[in-house]
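# Descriptive analysis of the structure
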Amino acid sequence: MFSGIFLLPMKLRFLIFLIVSSAFAFLLAKHDVTHVGIETSRYSTVESVLERGTFAIDDSFFTTPDKCERDGHFYGDKPLLLTFCAIAWGCVLKWFGVRYLEGDYYRAVYLTGVLTFIFSCLTGWFFYVGLGRRPRVPEEYRIAMSVLSVVSTLVLSYAVTLNNHTVCAAVLMGLVLLLERCEETGLTRLRAFLAGILAGLILNLEFVTGGVLGIAVFVFVLNSVSPRRTENALMYAAGAGLMILLEAGMNMMSYGSPLPLYLFTHKPSFTEKNYLAYAFNILFGFEGFFLYMPALLFAGFACASERMRRDRVFVYMMISMLAAVFLYVIGTSDYGGWCYGYRFLIPFAPVLLYYVAVWFGRPRPRLKRWKVFRLSLLWGVVFAAVGVMNPWNAGYEGSSTPKNALPNHFKNGFLANAFVFCWRTSPNSALTQFFMDRVYGREYAMLYLLMELNNRNDHAGLQRVIEQLRGDIEEATSTPENALE
């Protein structure tokens, strides 16, 4: 079936990839933003720069809780690389008459989401190229796993909005390919420099992930078989340092300080939490990384494989992920905020699946293990598709949520999204009533609908909830007994 694709030139295959990715991007990208600060913080900065020529977001119609006051003005506190890219893209859109103006920003948000989606899908392309370097990997398997690296992971869920996690996943997969090429044909000064650039870009997108990978890749370069280790290490440091200077320069241009505002608004949380319970819930529990993407658990078989442990890139990636998990367990307590699954580990998801695919691809595994693996991939597809509905859904934020607050009852993003979907499509169905009566309780369910539909700017949905609440109140007070009460 795929033999014809296998015979096509690589450039033509990449063109096919772009066409397919673009088609899904135009189909799935969001037209509006939620009230979650992760989105609005960036969009408020983009809109302020493009429409008022300032990085201060005081007058932006995008209201956001993720901001920092400096010299009497408020600024978005998110890392600026993605924001600057969105500003550049916004300049292109503005030239074509698409502007970030109040009441007329939907096209700009949509087209920004389209671009983000296409770039995020590069994860799948890098996945495809990487598997192609492995001996005896069937083309059908290679294509299927490359597609699943997006659609069976939370890359699909978040790619529909402007976000740093899926972009970081694409850059990280590119870094894996570069390091594998260094292992195959040797580490040169140019490759070391490019590795530093990619590690620095990851640091600009995800501070914890980038910091861990930056150190790991530096050690990788130092331990590479090369007569010019010192020169390679210096070239790597130069590439990474250039990206750090880029970050400092963007910060200076925006608000006059080289330090990221994120450092002032987001402090590590070391107290008031059960570390074991928190670790369980971000990995396997209600926001569990492996609950949403169980196929990644098969990376454990890869780690136990002597053949895989001889792959230096694999070893360094696994160590980096373990270090990142440890730091996130120690330093965070909010489960990622209002989000679908534990979003901070998303960049590692395609990398884990890549090594699972490599381990499965050679030698061919037993049939029973294949069946379980296929079911876990299907599970990931379902969870990723439900996340597309809204990856920034309202919910529990750990220590940030007051004890009696409504989000305490809505901890699992999958169930919350599924409930809202069922109510919007068939409010009187048995499944919707099961959610309302058995899972959450009718009172909490109705209040959550108000919260989440407001978060999504779904005014028609809000009106329906209000009308339903009015009807429930009239019905409850229509009987003589209730009227007397």
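Please refer to the structure higher up on the page.
Residues numbered from 1 in each chain as written. Predicted model: local features only at pLDDT ≥ 70, side-chain atom pairs only at ≥ 80, totals over all residues. Heavy atoms only, no water.

## A closer look at the overall build of the protein chain
Secondary structure summary: the protein chain contains 25 helices and two strands in total. By its C-alpha atoms, the protein chain is 90 × 60 × 50 Å across when sized along the principal axes. Every one of the 485 residues in the protein chain was classed for burial, and the buried ones make up 55%. Within the protein chain, contacts between residues separated by at least 24 positions form 74% of all contacts whose residues are at least 6 apart in sequence. Accessible area of the protein chain: about 22,000 Å², with a carbon and sulfur share of 66%. Charge separation in the protein chain, taken as the distance between the mean sites of 42 positive and 36 negative side-chain charges, equals 16 Å. (Helix = DSSP H or I, 4+ residues; strand = E, 2+ residues; numbered from the N terminus. Buried < 20%, exposed > 50% of the residue type's maximum accessible area, 1.4 Å probe, protein only. Contact = heavy atoms within 4.5 Å. Areas by Shrake-Rupley, 256 points an atom, 1.4 Å probe, with all protein chains shown as cover. Lys, Arg positive; Asp, Glu negative; His and termini not counted. Charge placed at Lys NZ, Arg CZ, Asp CG, Glu CD.)

## Side note on empty space enclosed by the protein
Scanning all chains against the criterion turns up three cavities of 30 Å³ or more. Its boundaries defined by the atoms lining it, the largest cavity holds a volume of some 50 Å³. Contributing to the lining of the largest cavity are Glu287, Gly337, Trp338, Cys339, Asn393, Ala394, Gly395, Tyr396, Phe410, Lys411, Asn412 and Gly413. Its residues assigned to classes, the lining of the largest cavity shows five nonpolar, five polar and two charged. (1 Å grid on protein atoms, 1.4 Å probe; cavity = no way out; pocket = protein on both sides within 12 Å on 5 of 7 lines; lining within 4 Å. Points joined across faces, edges and corners; volume = space filled by probe spheres on them. Nonpolar A, V, L, I, M, F, W, Y, C, P; charged D, E, K, R; others polar.)

## Observations regarding the side chain of Ser152
Looking at the secondary structure, you find Ser152 in the loop between α7 (139-151) and α8 (154-159). Within the structure, Ser152 has its side chain in polar contact with the backbone oxygen of Leu377 (distance 2.8 Å). Filtering out sequence-adjacent residues up to four positions away, Ser152 remains in contact with Met293, Leu377, Gly380 and Val381. (Polar contact = N/O pair within 3.5 Å; in protein donor to acceptor, adjacent residues only side chain to side chain.)

## Digging into the environment of Ala25
Looking at the secondary structure, you find Ala25 in helix α2 (residues 10-28). Look at Ala25 and you get buried, because its relative accessible area is 0%. Each C-alpha atom of the pair Ala25 and Phe289 lies 24 Å from the other, and the pair is 264 residues apart in sequence. Discounting chain neighbours no more than four positions away, the residues touching Ala25 are Val114, Phe117 and Ile118.

## Topic: a nonpolar patch on the surface
Taken together, the side chains of Leu12, Leu15, Ile16, Ile19, Val20, Phe24 and Leu27 present a nonpolar region at the surface, about 640 Å² in accessible area. One can find Phe24 in helix α2. Judged by relative accessible area, Phe24 falls into the partly exposed class, the value being 44%. (Patch = residues over 30% accessible without salt bridge, like charges linked within 9 Å, V, L, I, M, F, W, Y side chains within 5 Å. Salt bridge = Lys/Arg side-chain N within 4 Å of Asp/Glu carboxyl O.)

## A short note on the pattern of salt bridges
In this structure the tally under the stated criterion is 14 salt bridges. Here Glu306 makes a salt bridge to Arg310, at a shortest N to O gap of 4.0 Å. Where salt bridges share partners, they join Arg134, Glu180 and Asp311 into one cluster.

## Topic: unusual backbone geometry
Even without being glycine, Tyr335 reaches a positive phi, approximately 55 degrees. Positionally, Tyr335 belongs in the loop between α18 (312-331) and α19 (349-361). On the accessibility criterion, Tyr335 (7% relative accessible area) is buried. The residue Asn457 is not glycine, and still its phi comes out positive at about 60 degrees. Counting through the fold element by element, Asn457 comes out in the loop between α23 (442-455) and α24 (459-476).

## Concerning the packing of helix α9 (residues 165-185) against α19
Viewed as axis vectors pointing N to C, α9 and α19 meet at an angle of 40 degrees, and their least axial separation amounts to 8 Å. Taken together, the axes of α9 and α19 are oblique relative to one another. Within the contact between the two elements, α9 uses Ala169, Leu172, Met173, Val176 and Glu180 and α19 uses Pro350, Val351, Tyr354 and Tyr355. Here the contact of α9 with α19 is composed, by residue class, of eight nonpolar, no polar and one charged. (Axes fitted to C-alpha atoms, helices over the stretch in contact; angles between N-to-C directions. Parallel < 35°, antiparallel > 145°, perpendicular 65-115°, else oblique.)

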